[in-house]
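Structural features, examined
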Amino acid sequence: MLLASAVVVWEWLNEHGRWRPYSPAVSHHIEAVVRAGPRAGGSVVLGQVDSRLAPYIIDLQSMNQFRQDTGTLRPVRRNYYDPSSAPGKGVVWEWENDSGSWTPYDMEVGITIQHAYEKQHPWVDLTCIGFSYVIDFSTMGQINRQTQRQRRVRRRLDLVYPMVTGALPRAPSWPVSPGSAASPPAPPCSCPQCVLVMSVKAAVVNGSPGPLQPPATRKNAPPSAGVKLPPAPGPGAKPLDGTRTGRGPVKTAPSQGIRRQASSTPAAAAAGSPASPPAANGKTGRMALATLNRTNLQRLAIAQSRVLIASGVPTVPVKNLNGSSPVNPALAGITGILMSAAGLPVCLTRPPKLVLHPPPVSKSEIKSIPGVSNTSRKTTKKQAKKGKTPEEVLKKYLQKVRHPPDEDCTICMERLTAPSGYKGSQPTVKPEVVGKLSRCGHIYHIYCLVAMYNNGNKDGSLQCPTCKTIYGVKTGTQPPGKMEYHLIPHSLPGHPDCKTIRIIYSIPPGIQGPEHPNPGKSFSARGFPRHCYLPDSEKGRKVLKLLLVAWDRRLIFAVGTSSTTGESDTVIWNEVHHKTEFGSNLTGHGYPDANYLDNVLAELAAQGISEDSTAQEKD
C-alpha cells in the first residue's frame, strides 16, 4: 500500500499503447461511482458528465471502457500522482492538432512540462520520457527534433483531479469503496469455504501444497510497508521503467472468478480487499489477491477447484462459451454472481482475450495492395447535378400507364385510379397521372415519386420503395473524410494463408449540409479513426474495390442518430458492415467469420454496388 496523499486520474489505453487521461470532470464522476460502492451498479455512463462521451460506458468489474455503437473495448486504470504535480493543481497542457482543436498531453508528459515551467526553464526536452519533442516556453511551441515541425501548445487551468488520502491500494479493486481504506480491517472469516480458499492460497504463495491450515494459525506475518509517492520528474529526470514517471504502480485486477470465490460472504470481501490497511499490531489479516502474479493466480484457481471437489463441496463450472456474441460472457458473469450470492463456489473459465489491433507494424512493412491504385482516397461533398428537374430525371425510369390497376399506391396509400393523396405542391405534374418503373414494374402516382425524389438526396437516382431496385447511380450523404488502405504482414483468424488489408477511415466533426437531417447544425464524429480489416484474398480484394466505390459514392457513413447510444447528429455506419476487431471475435465485429465476405457483398449490392460498378467508375 501507498501511505500518502495523491490525486486520482482515470486513464484509458489507446491503440498505440499510450495511457490517455480522462478530463478532471470525468475522473470526478468515475471516482464518485467508485466511492458509492456496489449500490452504484458497477458501471459508469460517461455521457452523463460529458456529452461527447455519450457512447462510452466503463465497467468497473473488468476495468474496461465499452463503446456501445462499435463494441470496442479498451482497458482503463485508476492512477495516482503527486498532489504537487500538474493534475493536483488543475493544470492541463495541450497541443494543437491538424484540425485546429486542442489535444491534452499524456499525464506524464504534462507533469514533465509543468515541472520545467515552474522551474522557469526556457525549454524542456521530452526525449528523456520517450518523445522526440522540445517545448519552447518563450514561443509556446512544440518542436519535432527530427522534422523541425512546430505546433502551438498552451497551458490552461481546469478542475483539480480528485484527491485521496490515507492508504492507497497498489491494485484498485471494486466493489470495495475507497472510503473503506481508512477503516480497521474486519476479522478473518472462519467459515469453511473462506478457510479453504485462504489455505489453498497460502500453499500457492509458499510454493508447496502443504497441509491446509486456517489463516488464523499464521503468525508473525510481515506488515505491508508504506511507500511514499515519488516526486514529479524534472526535465532531465529518467523514468523508472522507460515509459512512466511520477506515478504509483498499477496492476490489473485479479480474475473475476477468483475474486467472486474469495468474496462470497461480506466478511470475506472486507478482509480480502487490497484496500484494507494493515492491522494495528503489525499483522496482516489476509494477503490481497492482487499480490499474486498471473501464474500463481492460474495455479490457485486450478488447485482451489481440485480441493473443493476432493473435499465434497459441490462446484458448478460456468464456461465462457466460444462465439462472437457478447451475450455468452454476460450470462456467465450473471450466473456467477447469482451462484456466489447463494453461497455456491463458482469456477469460471478464463475468458478469451479481446484483440482489437494487430501487432505493431513499421512503415517499411506496410505495402500497397496489388491491383489497387494508390493507398488513400478523399471525399468531398458532391453537389447534385444541376439543370435537370425531378420530372426530367424520373422520365428516364418511368413508363406512363393509361389504365392503372385498381390497387393502392404504396407511397400515398390511395387507389391508383384516384388522384394522389400527397398534399405537396407539384405544379408540373398532375396528381392522377400514374407511371410504372421500367425494370421492376411497380406502379405509383408520378406525383408521389416526384415528392419522394425531392425529399431524398436529389442525385439523379431513384430507388423503388417496394423492392429497393436502384435506378441510376445511388449516392449518399457521407461527410468529407479520408479512406486509407494497405497491406500489413499479419494474418486474420480463419485466414492463415494470406496477409491482411487494413482500412483506416478518418472523418472529422463538422457542420451539416443541405443533404443532412439538420442543415447548419454541427455533427459529431465518434471513434475516428476507425480501423477495419479484410483478408488479402481474391474475394477480400474484391470487397475492397467495391468499398472504394461505396466510399466515392458517400455510402459508407451517414449523419443521423446512433441506434445504440441514442446520440443524434453524429456520424453512423450506413448499412455496410465492417470488421473492426483484428485478432478475435468477442464483439461480433471480428474474425473468424466464414460468411462475412459474402454478406458484405450482398450489402453492397443492396446499395447498387457490384462488379459492374468498378467499370462504371473507370468510365
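Residues numbered from 1 in each chain as written. Predicted model: local features only at pLDDT ≥ 70, side-chain atom pairs only at ≥ 80, totals over all residues. Heavy atoms only, no water.

1. Observations regarding the sheet that holds strand E25 (residues 500-506)
Taken in spatial order, the 4 strands of this open sheet run E18-E24-E25-E28, and their pairing is antiparallel. Edge strands, defined here as strands with exactly one partner in the open sheet, are strand E18 (376-379) and strand E28 (530-535). Neighbour-to-neighbour, the strand axes of this sheet turn through a mean angle of 20°, independent of strand direction. Strand direction decides the pairing type here: E18 and strand E24 (residues 481-488), joined by 4 bridges, are antiparallel. Residue pairing in the sheet places Lys378 in a bridge with Lys482 of E24. Relative to the sheet, helix H11 (residues 538-552) contacts E18, E24, E25 and E28, its axis offset from that of E24 by approximately 170°. (Pairing = 2+ DSSP bridges. Helix = DSSP H or I, 4+ residues; strand = E, 2+ residues; numbered from the N terminus. Axes fitted to C-alpha atoms, helices over the stretch in contact; angles between N-to-C directions. Contact = heavy atoms within 4.5 Å.)

2. Quick look at the side chain of His29
Tracing the backbone through its elements, the reader meets His29 in helix H1 (residues 24-36). Among residues more than four places away in sequence, those in contact with His29 are Val44, Val45, Gln48 and Val49.

3. With respect to a positive patch on the surface
Where like charges cluster on the molecular surface, the positive patch consists of Lys395, Lys400, Arg402 and Lys430. As for its placement among the helices and strands, Arg402 is situated in the loop between strand E19 (398-400) and strand E20 (434-437). (Patch = residues over 30% accessible without salt bridge, like charges linked within 9 Å, V, L, I, M, F, W, Y side chains within 5 Å. Areas by Shrake-Rupley, 256 points an atom, 1.4 Å probe, with all protein chains shown as cover. Salt bridge = Lys/Arg side-chain N within 4 Å of Asp/Glu carboxyl O. Lys, Arg positive; Asp, Glu negative; His and termini not counted. Charge placed at Lys NZ, Arg CZ, Asp CG, Glu CD.)

4. What about the nonpolar core?
Taken as a class, soluble globular proteins show a tendency for nonpolar side chains to be buried jointly. Counting 39 residues, the largest nonpolar core has Met483, Ile503, Tyr505, Leu534, Leu544 and Leu547 as the members making the most contacts within it. Broken down by secondary-structure element, the contributors of at least two residues to this core are E24, E25, E28, H11, strand E29 (557-560) and helix H12 (596-606). Per-element accounting of this core gives the leading share, 8 residues, to H11. In this structure Leu547 touches Met483, Ile503, Tyr505, Leu534, Ile556, Val576, His578 and Leu604, once residues within four positions along its chain are discounted. Core analysis: the second largest hydrophobic core is formed by 22 residues, Leu394, Leu416, Ile443 and Tyr447 among them. (Core = buried A, V, L, I, M, F, W, Y, C linked by side-chain atoms within 4.5 Å. Buried < 20%, exposed > 50% of the residue type's maximum accessible area, 1.4 Å probe, protein only.)

5. Side note on the pairing of strand E7 (residues 73-81)
Counting buried positions along E7 yields 7 of 9 residues, so the element is predominantly enclosed. The pairing of strand E2 (residues 6-13) with E7 spans 6 bridges and is antiparallel. Note on E7: the bridge partner recorded for Trp10 is Arg78. Taken together, the 3 bridges between strand E6 (residues 64-67) and E7 define a ladder with antiparallel strand orientation. Each residue of the ladder has a partner; that of Phe66, found in E7, is Leu73. The hairpin formed by E6 and E7 contains 5 residues between the paired strands, and Gly71 there has a positive phi angle of roughly 80°.

6. Observations regarding the pattern of salt bridges
Within this structure, the stated rule accounts for 25 salt bridges. For Arg18, the salt bridge is made with Asp106, and the minimal N-O distance between the two is 2.7 Å. Here the residue Arg18 occupies a position in the loop between E2 and strand E3 (19-21), and Asp106 occupies one in the loop between strand E9 (102-104) and helix H3 (107-118), the gap between them amounting to 88 residues. The class for Asp106 is buried, based on a relative accessible area of 9%. A single network of salt bridges, built from pairs that share partners, joins Arg18, Arg20, Asp106 and Glu108.

7. Observations regarding the packing of aromatic side chains
Going through the model one piece at a time under the given rule, you end up with 12 aromatic pairs. Ring geometry for Trp93 and Tyr117: centres 5.4 Å apart, planes at 70°, overall edge-to-face. Of this pair, Trp93 sits in strand E8 (residues 91-96) while Tyr117 sits in helix H3, and the two are 24 residues apart along the sequence. Taken together through their ring pairs, the aromatic side chains of Tyr505, Phe528, Trp551, Phe557 and Trp573 make up a single cluster. Lying across the ring of Tyr591, Lys579 places its NZ or CZ 6.0 Å from the centre. (Phe/Tyr/Trp six-rings, centres within 6.5 Å; stacked < 30°, edge-to-face > 60°. Lys NZ or Arg CZ within 6 Å of the ring centre and 35° of its normal.)

8. A closer look at the sheet that holds strand E11 (residues 133-136)
Read from one edge to the other, the open sheet built from 6 strands follows the order E9-E8-E13-E12-E11-E10, with strand pairing classed as antiparallel. Looking along the sheet, the strands with just one partner apiece sit at the ends: E9 and strand E10 (123-125). Within the sheet, the average angular offset between the axes of one strand and its neighbour, ignoring direction, is 30°. As paired strands, E8 and strand E13 (residues 150-157) are joined by 5 bridges and run antiparallel to one another. Bridging from a neighbouring strand, Trp93 pairs with Arg155 of E13. Of the strands in this sheet, E8, E10, E11 and E13 are in contact with H3, which crosses E8 at around 110°.

9. Concerning unusual backbone geometry
Of note, the bond from Phe528 into Pro529 is cis; its omega dihedral lies within 30 degrees of zero at 0°. Topologically, Pro529 is positioned in the loop between strand E27 (522-523) and E28. Backbone torsion omega between Tyr591 and Pro592 reads 5°, so that peptide bond is classified as cis. Examined against the element boundaries, Pro592 turns out to sit in the loop between strand E30 (570-573) and H12. Phi at Gln120 is positive, roughly 60°, even though this residue is not glycine. Mapping Gln120 onto the fold places it in the loop between H3 and E10. Residue Gln120 is classed as exposed on the basis of its relative accessible area, which comes to 70%. You will see that Met413, though not glycine, has its phi angle at about 65°, which is positive. Tracing the backbone shows Met413 in the loop between E19 and E20.

10. Thoughts on the packing of H11 against H12
With their axes 10 Å apart at the nearest point, H11 and H12 run at an angle of 25° to one another. Here H11 lies roughly parallel to H12, going by the angle between them. Crossing hand, H11 versus H12: left-handed. On the side of H11, the interface is formed by Lys539, Gly540, Lys542, Val543, Leu546, Leu547 and Ala550, while H12 contributes Leu597, Asp598, Val600, Leu601 and Leu604. Here the residues of the contact of H11 with H12 sort into 8 nonpolar, 1 polar and 3 charged. (Parallel < 35°, antiparallel > 145°, perpendicular 65-115°, else oblique. Left-handed = near helix turned anticlockwise from the far one by under 90°. Nonpolar A, V, L, I, M, F, W, Y, C, P; charged D, E, K, R; others polar.)

11. A closer look at the side chain of Gln512
In this structure, Gln512 sits in the loop between strand E26 (510-511) and E27. Accessibility expressed as a relative area gives 4% for Gln512, which makes it buried. Within the local environment of Gln512, its side chain forms a polar contact with the side chain of Asp569, the two groups lying 2.8 Å apart. (Polar contact = N/O pair within 3.5 Å; in protein donor to acceptor, adjacent residues only side chain to side chain.)

12. Description of H12
Turning to H12, its buried residues are Tyr596, Leu597, Val600, Leu601 and Leu604. The buried residues of H12 occupy one face: seen down the axis, they fall within an arc of 135°. Summarising the contacts, the buried residues of H12 are in contact with E28 and H11. Downstream of H12 by a residue or two, Gly608 has a phi angle that is positive, lying close to 85°. (Arc of directions from axis to C-beta.)

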